[in-house]
Amino acid sequence: MRPAEPADVEAIAELRAMVMRPDLERLGRFDEHRVRQRLRDSFSARHTSVILAGGTFAGCVTVRPAEDGQWLEHFYLAPRVQGRGLGSAVLRTLLDRTDADGLPVRLNVLQGSAARQLYERHGFTVEVQDPIDIYMVRLPGAGALGA
């Protein structure tokens, strides 16, 4: 991983659109422009890391400070690297840091997204959900289940 730079925003916006499209379409929420613009509007290079695999852009993740801990956002991996343990390795690294700081981590995931299983394996539990989103939390030191 490397720190993100402002110039990374468009590559990340494109990755977001590609990765989220199937779930957003399934939920009837895909909008070609909005999916990219929401990333651009909330992008913070300061809190984002670019994930590299074989020296090339493979994804990103944002860990943003919040009043009640940290928010994990914009965690996207290119399809070519999914299913190989990279997401678990990145998540373990981030959670080791937040655990050391004694901070809970929150995130939201779309209903029906396969990513929910990844988060549950790493100790996240559902706080609340609606027809579109599932909001999850992981308390400091929550164990990973077979991760």
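Residues numbered from 1 in each chain as written. Predicted model: local features only at pLDDT ≥ 70, side-chain atom pairs only at ≥ 80, totals over all residues. Heavy atoms only, no water.

**Q** Describe the sheet that holds strand β4 (residues 69-77), listing the residues and the values that go with them.
**A** Here we have seven strands laid out as an open sheet, ordered β1-β2-β3-β4-β5-β7-β6, and mixed in their pairing. Only two strands of the sheet have a single neighbouring strand rather than two, namely β1 (2-3) and β6 (125-129). Relative to strand β7 (residues 133-138), β6 runs antiparallel, the two sharing four bridges. Bridging from a neighbouring strand, Q129 pairs with I134 of β7. Sitting on the sheet, helix α1 (residues 9-26) is in contact with β2 (48-53), β3 (56-66), β4 and β5 (105-110), with an inclination near 85 degrees to β4. (Pairing = 2+ DSSP bridges. Helix = DSSP H or I, 4+ residues; strand = E, 2+ residues; numbered from the N terminus. Contact = heavy atoms within 4.5 Å. Axes fitted to C-alpha atoms, helices over the stretch in contact; angles between N-to-C directions.)

**Q** Break down helix α2 (residues 34-42) for me, with residues and values.
**A** Where α2 is concerned, the buried positions are V35, R36 and L39. The arc enclosing the buried residues of α2, seen along the axis, measures out at 100 degrees, which places them on a common side. The inward-facing, buried residues of α2 contact α1 and β4. (Buried < 20%, exposed > 50% of the residue type's maximum accessible area, 1.4 Å probe, protein only. Arc of directions from axis to C-beta.)

**Q** Run through the pattern of salt bridges, naming residues and quoting values.
**A** Opposite charge on two side chains lets them pair, provided their charged atoms get close. In total, this model carries 12 salt bridges according to the counting rule given. Ionic pairing is found between D8 and R2, a salt bridge with its closest N-O pair at 2.9 Å. Residue R2 is classed as partly exposed on the basis of its relative accessible area, which comes to 27%. A salt bridge links E127 to R106, with the nearest nitrogen and oxygen atoms 3.0 Å apart. A residue pair is termed long-range when its members are at least 10 positions apart, and E127 in strand β6 and R106 in strand β5 qualify at 21 residues. Residue class for E127 comes out partly exposed when judged on its relative accessible area of 42%. Salt bridges sharing common partners tie together E14, R21, E25, E32 and R36. (Salt bridge = Lys/Arg side-chain N within 4 Å of Asp/Glu carboxyl O.)

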